[in-house]
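Observations on chain architecture
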Amino acid sequence: MKHFAESELIINADGSCFHLHLKPEQLADRVILVGDPARVSTVAAHFDEVECEVSSREFHTITGTYQGKRITVQSHGIGCDNIDIVMNELDTLANIDYETRTEKPEHRTLTCVRIGTCGGLQPFTPTGCFVASVKSIGFDGLLNYYADRNNVCDLKFEKAFTEHMQWNPIKGAPYVAVADQQLIDRIAGDDMVRGYTISCGGFYVPQGRVLRADIADPTQNEKIEAFEYDGMQICNFEMESSALAGLASLLGHRAMTCCMVIANRFAQKMNTEYKNSIDTLIKTVLDRI
């Protein structure tokens, strides 16, 4: 049985995981992930009962019950690097015995839904609409460091996309992670746009926002907007869904991302007051998770 050394599985003195400061008994099977630590309280405001609340750095956690369902709300901050921390530590809480530092004999599967915001890339993704990410293209390269990434990625999609984009290998290889289909059907229902998502390694030039520093490929967004695969198009930019879907698949969990469009890059429209309307998406996910 594999033993996890202190330097690899870092457990705090109080028995909590290193970054999240969460203890195994504080984690529910249903997990809602949000980027903004303040949004954890917005989600938990709908709870019938709060069991515990923990904060460490950008990682804010509240576990409670909603209509009889035990749910953990976890913030992850911005970027796929933070998802690497959050998903790995949530998995250790579920599947490693912290006392013996060994893997538990029975696997515990988490159901993870990320609620986020994004930039729409198509005329049919206006500000205010909800997008469910069926597959996510990771520009960040995170999953490429993991063995067996090919087993959880759509390799034909990757080939078609890189050929279409005339991809410059200096950027590193993009990967295509697949969300859990049953979870997509349950959460997205018939009132969310389903499509492909790009998880970018930054907010500005990686998403085609050119301020004072120029972009290496000025036609990047035009090519992205024109890409089509299996009858679907790339609907939005965000910064986490590829890592979430990919790591969840590798670790044996179910995950997906749904976002509210707050900027439409195609129409060059932006809604800076989105915090007042995202509660509708929160309530929808709480009802369906």
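Residues numbered from 1 in each chain as written. Predicted model: local features only at pLDDT ≥ 70, side-chain atom pairs only at ≥ 80, totals over all residues. Heavy atoms only, no water.

Once that is clear, we can look at the overall build of the protein chain. Regarding its fold elements, the protein chain presents eight helices and 14 strands. Taking 19 Å as the expected radius of gyration for a compact globule of 289 residues, we find that the protein chain reaches 19 Å, a close match to that expectation. Each of the three principal axes of the protein chain carries a C-alpha extent, and together these read 55 × 40 × 40 Å. By residue count, 54% of the 289 residues in the protein chain fall in the buried class. Carbon and sulfur atoms form 49% of the exposed surface of the protein chain, whose accessible area is close to 13100 Å². Averaging the locations of the 27 positively and 39 negatively charged side chains of the protein chain gives two centres separated by 3 Å. (Helix = DSSP H or I, 4+ residues; strand = E, 2+ residues; numbered from the N terminus. Rg over C-alpha atoms; globule rule 2.2 N^0.38 Å. Buried < 20%, exposed > 50% of the residue type's maximum accessible area, 1.4 Å probe, protein only. Areas by Shrake-Rupley, 256 points an atom, 1.4 Å probe, with all protein chains shown as cover. Lys, Arg positive; Asp, Glu negative; His and termini not counted. Charge placed at Lys NZ, Arg CZ, Asp CG, Glu CD.)

Further remarks concern the side chain of His 253. Summarising the element assignment, His 253 is placed in the loop between helix 7 (241-251) and strand 13 (254-264). Separated by 2.6 Å, the side chains of His 253 and Asp 91 make a polar contact. Within the structure, the side chain of His 253 is placed 2.9 Å from the backbone nitrogen of Leu 110, a separation counted as a polar contact. The residues touching His 253, leaving out its near neighbours within four places in the chain, are Met 87, Asp 91, Asn 95, His 107, Arg 108, Thr 109, Leu 110 and Ala 248. (Polar contact = N/O pair within 3.5 Å; in protein donor to acceptor, adjacent residues only side chain to side chain. Contact = heavy atoms within 4.5 Å.)

With respect to the secondary-structure elements, Phe 203 resides in the loop between strand 10 (193-199) and helix 6 (220-226). When the C-alpha positions of Phe 203 and Gly 120 are compared, they lie 14 Å apart, and in sequence the two are 83 residues distant. Those residues within four positions of Phe 203 in sequence are excluded, and the remaining contacts are Arg 209 and Met 239.

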